[in-house]
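Coordinates in review
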Amino acid sequence: MTLILQANEMYQQGNFKKAEALYRQLLRVNPQDINALWGLGKVALTLDSYQVAYEVFKKCIKLYTQEPALWLSLAQACQKLTRFEEAEQALINAYQLNMKHLPSLLALAIFYCEAGEIDKAESHLADILAINSTHVQAFCLLTRLNRLTLASEQSQLMLRKLSSLKAPLSLHEEIALHYAFFTLYHQIKDYVQAFDHLKKANDLQTSAINFNVDDMKPFFLSLITTFNEPLMSRVDVPINNESLVPIFIVGQPRSGSTLLEQMLIGHQDINSGGELPFLAGDIAQGIWQITGKHFPEGVGLLSQDHCKKLGEHYLKSVQSIAPNAKYIIDKMPANYQSIGLIKMLLPQAKIIHIKRDVMDVSWSIYQNNFEAPEPYFCSLTEISEYNDCYQGVMAHWYGLIPDFIHTIEYSNLVVNPETEITKVLAFCGLAYQSECLAFSNKKRHISTLSDIQLRSGIKQNQTEAWRPYKAYLKAIK
């Protein structure tokens, strides 16, 4: 096996450090080895080194401009760095090299969907289906855009494909189609058929997962025992970079964090990096490298100097996304697990905890295709178990560092948005600005499951959407 094949195999297996070493070995022999460079860029992107990935992909493009896949890789890095105009141009360049290249067409359709340019998205999806009439991702995205009905020819074609024993569907495609038909049957209020497809989608996802929430409970217990009053009482870290204040929006997925984010970035001083992976990635890795113990156990071994340097590393990472920001949002919901760590590393940070009714949020999680292999996304029992863990961790933070957290109820936000946003901004040391409520139909990039929903503004009818399926939801408590 050649060295490049070994490197690519290591990358596919998730052995990124080994893959990186092999790519670098190849580049020492030939600094212009396009395959090794491209591999190195993909490793950097996977490891959340967005600026490095961007620079490597730019070098690839200079060496070889005629490969659509290279432009698509560059577009990915640009999107991670929130350089959306440059990302769009990279996608267009890929498309213009080959107007029938399905990955380029799909990437453009997804980009325009996230950018709120639905007509452009729909046009590219139509092009895909003209080339491949049973393209699963194109069909599912058109369903999310509410451009299809169950009775449409396209829907019936895909239903036959889903039902056929001979149709070559991957697990991912089968799951996606069941979610799509949940939506289509829900539209006609055939709730029995709708839930049947939804359950099949979630059960298929669950079958591919080899752990459950019980396996996570020692971690949650460790959070509570590690972060205690003696540890927090000796936290006295000098503030890192007073000119940049991170705002962490935390809570359960589907709690309204994207709605809150879109309101807040209407303020002239606030930018957003979206759902950033740095705390669970680089910072957790740094704790392990410093202490030899994983998060959270290693936290107790950090010195003040360690905390300062880790905080500086986080700020440097977010500044690569928004170099001139005064406040920057990190809306990774699971950062609720790291509130104590944030207090230690970034004492100037603002924590906004957004809460939503348990039934509403649980149903919203269950009915959406997150695609991530997590049991608390695709099992009603696991969702309920995870909610108990989440509630326990948040109760611990409220008891330990209550003044560090501002809480907002989703239901209050949609009913009294100006009042609630004024309170959030005051907590951040900012005055209310009317632009915070003028977010609908703005040309903003929204890369979450709320991308389509939020374009029409605040909706107050998102509560109790689970009512037609009440009989199936007894596991939620």
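Predicted, not measured: the structure shown is a model, and the values here were computed from it.

The alternating pattern of strand 3 (residues 327–330) places Tyr327 and Ile329 on one face and Ile328 and Asp330 on the opposite face, and all of these are buried. In terms of strand pairing, strand 1 (residues 245–250) meets strand 3 through four bridges, oriented parallel. Directly across from Phe248, in strand 3, lies its bridge partner Asp330. Note that strand 2 (residues 270–272) and strand 3 share three bridges and pair parallel. Looking at the pairing, Ile270 lines up with Tyr327 of strand 3.

What the five strands build is an open sheet, ordered 2-3-1-4-5; its pairing is parallel. Each edge of the sheet is formed by a strand with only one pairing partner; in this case those strands are strand 2 and strand 5 (405–409). With direction set aside, neighbouring strand axes in the sheet form an average angle of 25°. The sheet contact formed by strand 1 and strand 4 (residues 350–355) spans four bridges and is parallel. Across the sheet, the residue bridging to Val250 is His353, located in strand 4.

What follows covers the pattern of salt bridges. Applying the stated criterion to the full structure yields 14 salt bridges. In this structure, the salt-bridge partner of Lys326 is Asp269, at a minimum N-O distance of 3.5 Å. In this pair, Lys326 is assigned in the loop between helix 17 (304–319) and strand 3 and Asp269 in the loop between helix 15 (257–264) and strand 2, connecting sequence segments 57 residues apart. Its relative accessible area of 47% is what places Lys326 among the partly exposed residues. Overall, the relative accessible area of 15% leaves Asp269 in the buried class. Here Lys309 ties to Asp305 by a salt bridge, and the two come within 3.3 Å at their closest N and O atoms. Of this pair, Lys309 and Asp305 are both found in helix 17, four residues apart, which corresponds to roughly one turn of the helix. One salt-bridge network, in which partners are shared between bridges, spans Asp214, Lys217 and Glu385.

In this section: the packing of aromatic side chains. In the structure shown here, the tally under the stated rule is 23 aromatic pairs. When the centroid spacing of 5.1 Å and the interplanar angle of 80° are considered together, the rings of Tyr336 and Tyr390 count as edge-to-face. Taken together, the residues Tyr336 in the loop between strand 3 and helix 18 (339–345) and Tyr390 in helix 21 (residues 380–400) connect sequence positions 54 residues apart. The pair Tyr336 / Tyr390 is uniform in exposure class, with both members buried. Geometrically, the ring pair formed by Tyr376 and Phe377 is edge-to-face, given 5.0 Å between the ring centres and 75° between the ring planes. In this pair, the class of Tyr376 matches that of Phe377, namely buried. A connected cluster of aromatic rings, assembled from ring pairs, spans Phe219, Phe220, Phe227, Phe295, Phe370, Tyr376, Phe377, Tyr386 and Trp397. Here the guanidinium or amino end of Lys42 rests over the ring plane of Trp38, the centre of that ring lying 4.5 Å away.

As a further point, take the nonpolar core. Counting 134 residues, the largest nonpolar core has Phe181, Phe227, Tyr314 and Ile339 as the members making the most contacts within it. Every residue in contact with Phe227, bar those within four places of it in the chain, is listed here: Met232, Phe295, Pro296, Val299, Gly340, Leu341, Met344, His396, Trp397 and Leu400. With 23 residues, the next largest nonpolar core counts Ile329, Tyr410, Cys428 and Phe439 among its residues.

Turning our eyes to something else, we now look at the environment of Ser164. Summarising the element assignment, Ser164 is placed in the loop between helix 10 (153–163) and helix 11 (171–187). For the pair Ser164 and Thr381, spaced 217 residues apart in sequence, the C-alpha separation works out to 31 Å.

In contact at an axis separation of 9 Å, helix 4 (residues 50–63) and helix 5 (residues 68–80) are set at 155° when each is read in the N-to-C sense. By the angle between their axes, helix 4 is roughly antiparallel relative to helix 5. Every pair of crossing elements has a handedness; the one defined by helix 4 and helix 5 is left-handed. Residues Tyr50, Ala53, Tyr54, Phe57, Lys58, Cys60 and Ile61 of helix 4 touch helix 5, and the partners they reach there are Leu70, Trp71, Ser73, Leu74, Ala77, Cys78 and Lys80.

The next point concerns unusual backbone geometry. Along the chain, Phe295 connects to Pro296 via a cis peptide bond; the corresponding omega equals 5°. Within the chain, Thr82 stands out as a residue other than glycine whose phi angle is a positive 55°. If you trace the backbone, Thr82 turns up in the loop between helix 5 and helix 6 (84–97). A positive phi angle is found at Arg254, which is not glycine, with a value near 65°.

Conventions we followed
- Residues numbered from 1 in each chain as written.
- Predicted model: local features only at pLDDT ≥ 70, side-chain atom pairs only at ≥ 80, totals over all residues.
- Heavy atoms only, no water.
- Buried < 20%, exposed > 50% of the residue type's maximum accessible area, 1.4 Å probe, protein only.
- Helix = DSSP H or I, 4+ residues; strand = E, 2+ residues; numbered from the N terminus.
- Pairing = 2+ DSSP bridges.
- Axes fitted to C-alpha atoms, helices over the stretch in contact; angles between N-to-C directions.
- Salt bridge = Lys/Arg side-chain N within 4 Å of Asp/Glu carboxyl O.
- Phe/Tyr/Trp six-rings, centres within 6.5 Å; stacked < 30°, edge-to-face > 60°.
- Lys NZ or Arg CZ within 6 Å of the ring centre and 35° of its normal.
- Core = buried A, V, L, I, M, F, W, Y, C linked by side-chain atoms within 4.5 Å.
- Contact = heavy atoms within 4.5 Å.
- Parallel < 35°, antiparallel > 145°, perpendicular 65-115°, else oblique.
- Left-handed = near helix turned anticlockwise from the far one by under 90°.

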